[in-house]
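Summary of structural features
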Amino acid sequence: AQTVTQSQPEMSVQEAETVTLSCTYDTSESNYYLFWYKQPPSRQMILVIRQEAYKQQNATENRFSVNFQKAAKSFSLKISDSQLGDTAMYFCAFMNSFNNDMRFGAGTRLTVKP
Amino acid sequence: KAGVTQTPRYLIKTRGQQVTLSCSPISGHRSVSWYQQTPGQGLQFLFEYFSETQRNKGNFPGRFSGRQFSNSRSEMNVSTLELGDSALYLCASSLGRDQYFGPGTRLLVL
């Protein structure tokens, strides 16, 4: 079974600085998808970024980028120029290639301080 | 496009009762997945429906069931409620691999 581990329960960062959230996963599959979701205090989950395992290039979305290390089964999220609105729970998630069953990590609570 | 909507947003039930939650996906999305979120267990996959058929199911007891209608709207039902069923229930719709979540239904079982 696939498992997703986020080893940092809480993190904080100063506004405008850069922060990296860690995620590791375990799978025997060679093709799969990885996601980062954000859940602000309002509770609505928002898709931040997606990475396909078959792509070597790291995904980027504006201030958000990932460092995908397939051999190490590592998938970290880097947030540049942190903003107060980035304060949220961040979940790393894994989805295999043959169904839409998404497995989530326990989450990292990120606080951006002014 | 309108986002995923879930009704009701809040619900209070007592043990032994049953409950039905509703989810309307983004227009054009045919897949609807349901998740349970609790402080202790985190986010857990319940099931996924696609074109009115359950395509995938998580590790939950048979008290948890669902269905999908021809317009892709989905309902999930929990029978014989237990205190441990208190949770935020999230549904997500998708066209491809990206899942878009609704605001959730917070269920409290007393």
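Whatever comes next refers back to the structure up there.
Calculation criteria
Each chain carries its own residue numbering, running from 1 in the direction its sequence is written. Going through the entries in the order they are written, you letter the chains from A and number the ligands from 1. With the structure being a predicted model, the display of local features is reserved for residues of pLDDT at least 70 and the display and counting of side-chain atom pairs for 80 or more, all residues being used for whole-chain, interface and lining totals. The side-chain figures draw on all heavy atoms in the structure; neither hydrogens nor water molecules are used. Think of a salt bridge as a Lys or Arg side-chain nitrogen and an Asp or Glu carboxyl oxygen that are within 4 Å of each other. Note on conventions: DSSP H or I runs of at least 4 residues are helices, E runs of at least 2 residues are strands, and numbering of each starts at the N terminus. Type-normalised accessible area, obtained with a 1.4 Å probe on protein chains alone, sets the label of each residue: buried when under 20%, exposed when over 50%, and partly exposed for intermediate values. The patches reported here contain residues having more than 30% relative accessible area and no salt bridge. Joining distances are 9 Å for like charges and 5 Å for nonpolar side chains (Val, Leu, Ile, Met, Phe, Trp, Tyr). The accessible surface values rely on the Shrake-Rupley method and a 1.4 Å probe; as for residues, cover is taken only from the protein chains in view. What is meant by a nonpolar core is a set of buried Ala, Val, Leu, Ile, Met, Phe, Trp, Tyr and Cys residues, joined one to another through side-chain atoms within 4.5 Å. By the convention used here, residues are in contact when the closest approach between their heavy atoms is within 4.5 Å. Whenever two N or O atoms come within 3.5 Å, that pair is a polar contact, provided that in protein one can donate a hydrogen and the other can accept it, and provided that, for residues adjacent in sequence, both atoms are side-chain atoms. The pairing criterion for strands is at least two bridges between them, as found by DSSP. The axes are straight lines fitted to the C-alpha atoms, using for helices just the contacting stretch, and the angles between their N-to-C directions are given from 0 to 180°.

**A few points about the pattern of salt bridges**
Residues and elements named next belong to chain B. Inspection of every chain in the model, using the stated rule, returns 11 salt bridges over all chains. Of the charged contacts in the structure, one is a salt bridge between R63 and E82, with a shortest N-O distance of 3.6 Å. With R63 in the loop between strand 6 (53-57) and strand 7 (64-68) and E82 in the loop between strand 8 (74-78) and strand 9 (87-94), this residue pair connects regions lying 19 residues apart in the sequence. Assessed through its relative accessible area of 41%, E82 is described here as partly exposed.

**Thoughts on a nonpolar patch on the surface**
Residue and element names in this part refer to chain B. A surface patch of nonpolar side chains, about 300 Å² in accessible area, is lined by I12, L108 and L110. When you line up the elements, L110 lands in the segment after strand 11 (105-109). By relative accessible area, L110 is classed as exposed at 52%.

**Section: the nonpolar core**
Among the nonpolar cores identified, the biggest contains 25 residues, and Y25(A), W36(A), F75(A), L77(A) and Y90(A) are the most heavily contacted of them. For this core, the secondary-structure elements that each account for two or more residues are strand 3 (19-21), strand 5 (32-39), strand 6 (46-52), strand 8 (64-69), strand 9 (74-79), strand 10 (88-96) and strand 12 (108-113) of chain A. Ranked by the residues each element gives to this core, the list is headed by strand 10 of chain A, at four residues. Sequence-distant contacts of L77(A), that is, excluding residues within four places in its chain, are made with V19(A), T20(A), L21(A), W36(A), V48(A), I49(A), F64(A), S65(A), V66(A) and Y90(A). In terms of nonpolar packing, the next biggest core, distinct from the first, is built from 21 residues, L21(B), L46(B), Y49(B) and L107(B) among them.

**Structural notes on the side chain of E48(B)**
In this fold, E48(B) is placed in strand 5 (residues 42-50). On the accessibility criterion, E48(B) (0% relative accessible area) is buried. At 2.6 Å, the side chain of E48(B) and the side chain of R55(B) are in polar contact. Not counting chain neighbours up to four residues away, the residues in contact with E48(B) comprise N100(A), S31(B), V32(B), S33(B), T53(B), Q54(B), R55(B) and N56(B).

**Points about the environment of K38(A)**
Residues and elements named next belong to chain A. Note on placement: K38 falls in strand 5. Linking K38 and Y90, residues 52 residues apart in sequence, is a C-alpha distance of 4.6 Å. If sequence neighbours within four positions are ignored, K38 has contacts with Q44, M45, I46, V48, G85, D86, A88, M89 and Y90. At 2.9 Å, the side chain of K38 forms a polar contact with the backbone oxygen of G85.

**Some details on the sheet that holds strand 1 (residues 5-7) of chain B**
Residues and elements named next belong to chain B. Read from one edge to the other, the open sheet built from four strands follows the order 1-3-8-7, with strand pairing classed as antiparallel. Whereas interior strands pair on both sides, the edge strands pair on one side only; in this sheet they are strand 1 and strand 7. The sheet shows a mean angle of 20° between the axes of neighbouring strands, taken without regard to direction. Here strand 7 runs beside strand 8; their pairing, made up of five bridges, is antiparallel. Paired with S65 across the strands is N77, a residue of strand 8.

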